[in-house]
Amino acid sequence: MRRSASNVAAIGFGAFALIIGLALAYRYYEPPPPPAGAPIAAAPLFAHTFDNADGQPQALTQWQGALLVVNFWATWCAPCIEEMPDFAKVQSEYAHRGVTVIGLAIDNAGDVRRFRDELKLELPLLIAGPAGSELARQLGNPSGALPYTVLIDPSGQVVRAKLGRLHAKELRSWLDERLS
């Protein structure tokens, strides 16, 4: 009788461990990123409204249908800070061609406002906070690292993406390729 009681206990413990293991695996499972070159829909981006650095809500749908550069960044990220003046310059150069460059800050409004004012930046800087990291993941950045930049075409597809500092020359190349 003792053997069967211990067998029942072992089976019960095993079943319990299996259920807990499956629950944890489901909770922390991250699907693999799409294969290289597979289109990524930017629909999750356009479902959001974020405040700008001055606290005014900005619906991302206002840029739907345009050639859009979205840069995920933060004021505490050195490569992000280095590339931001380039993004502002490219925004100014390409605005007349229907291109918009926006920065989604994984940051707080006060720090972004000070940074914007110090550099006299005139491109839209929105405060995404921690939600921005999840949004970057949905747009092809599985690590959530910064900076991360995507180019979204007018049909709403991510057509280019880069993790790491993006230089103005490379960004211009992306845009010229799409605008030609």
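Before any of the text, the structure's been laid out above.
Described below are features of the structure shown in this document.

A short note on unusual backbone geometry
Next up, step 1: The amide bond that connects L146 to the next residue, P147, takes the cis arrangement and shows omega of -10°.
Next up, step 2: If you trace the backbone, P147 turns up in the loop between α5 (131-138) and β7 (148-152).

Regarding the state of the cysteines
Next up, step 1: Per the stated rule, a full pass over the model turns up one disulfide.
Next up, step 2: The residue that forms a disulfide with C77 is C80, at a sulfur-sulfur distance of 2.3 Å. The sign of the S-S torsion, about 75°, decides the handedness of the disulfide formed by C77 and C80: right-handed. As far as the burial class goes, C77 and C80 line up, both buried.

Some points on the sheet that holds strand β6 (residues 125-127)
Next up, step 1: Reading across the sheet, the eight strands line up as β1-β8-β7-β4-β5-β6-β2-β3 and stay open at both edges, with mixed pairing between neighbours. The open sheet has two edge strands, β1 (40-41) and β3 (57-59), and neither has a second partner.
Next up, step 2: Sheet topology places β7 next to strand β8 (residues 157-163); five bridges connect them, and they run antiparallel. Across the sheet, V150 pairs through a bridge with A161, a residue of β8.
Next up, step 3: Seen against the sheet, helix α4 (residues 109-119) touches β4 (67-73), β5 (99-105) and β6 and runs at an angle of roughly 165° to β6.
Next up, step 4: Strand contacts of α5: β1, β2 (49-52), β4, β5 and β7, with the helix running at about 130° to β4, the strand carrying the most contacts.

So, the pattern of salt bridges
Next up, step 1: By the definition in use, this model includes nine salt bridges.
Next up, step 2: Of the charged contacts in the structure, one is a salt bridge between R165 and E82, with a shortest N-O distance of 3.4 Å. With a gap of 83 residues between them, R165 in the loop between β8 and α6 (168-179) and E82 in helix α3 (residues 78-94) connect regions that are remote in the sequence.
Next up, step 3: One salt bridge connects D117 with R116, and the closest N-O pair in it is separated by 2.9 Å.
Next up, step 4: One network of salt bridges, with partners in common, ties together D54, R116 and D117.

Thresholds, definitions, all that
- Residues numbered from 1 in each chain as written.
- Predicted model: local features only at pLDDT ≥ 70, side-chain atom pairs only at ≥ 80, totals over all residues.
- Heavy atoms only, no water.
- Helix = DSSP H or I, 4+ residues; strand = E, 2+ residues; numbered from the N terminus.
- Disulfide = S-S within 2.5 Å.
- Buried < 20%, exposed > 50% of the residue type's maximum accessible area, 1.4 Å probe, protein only.
- Pairing = 2+ DSSP bridges.
- Contact = heavy atoms within 4.5 Å.
- Axes fitted to C-alpha atoms, helices over the stretch in contact; angles between N-to-C directions.
- Salt bridge = Lys/Arg side-chain N within 4 Å of Asp/Glu carboxyl O.

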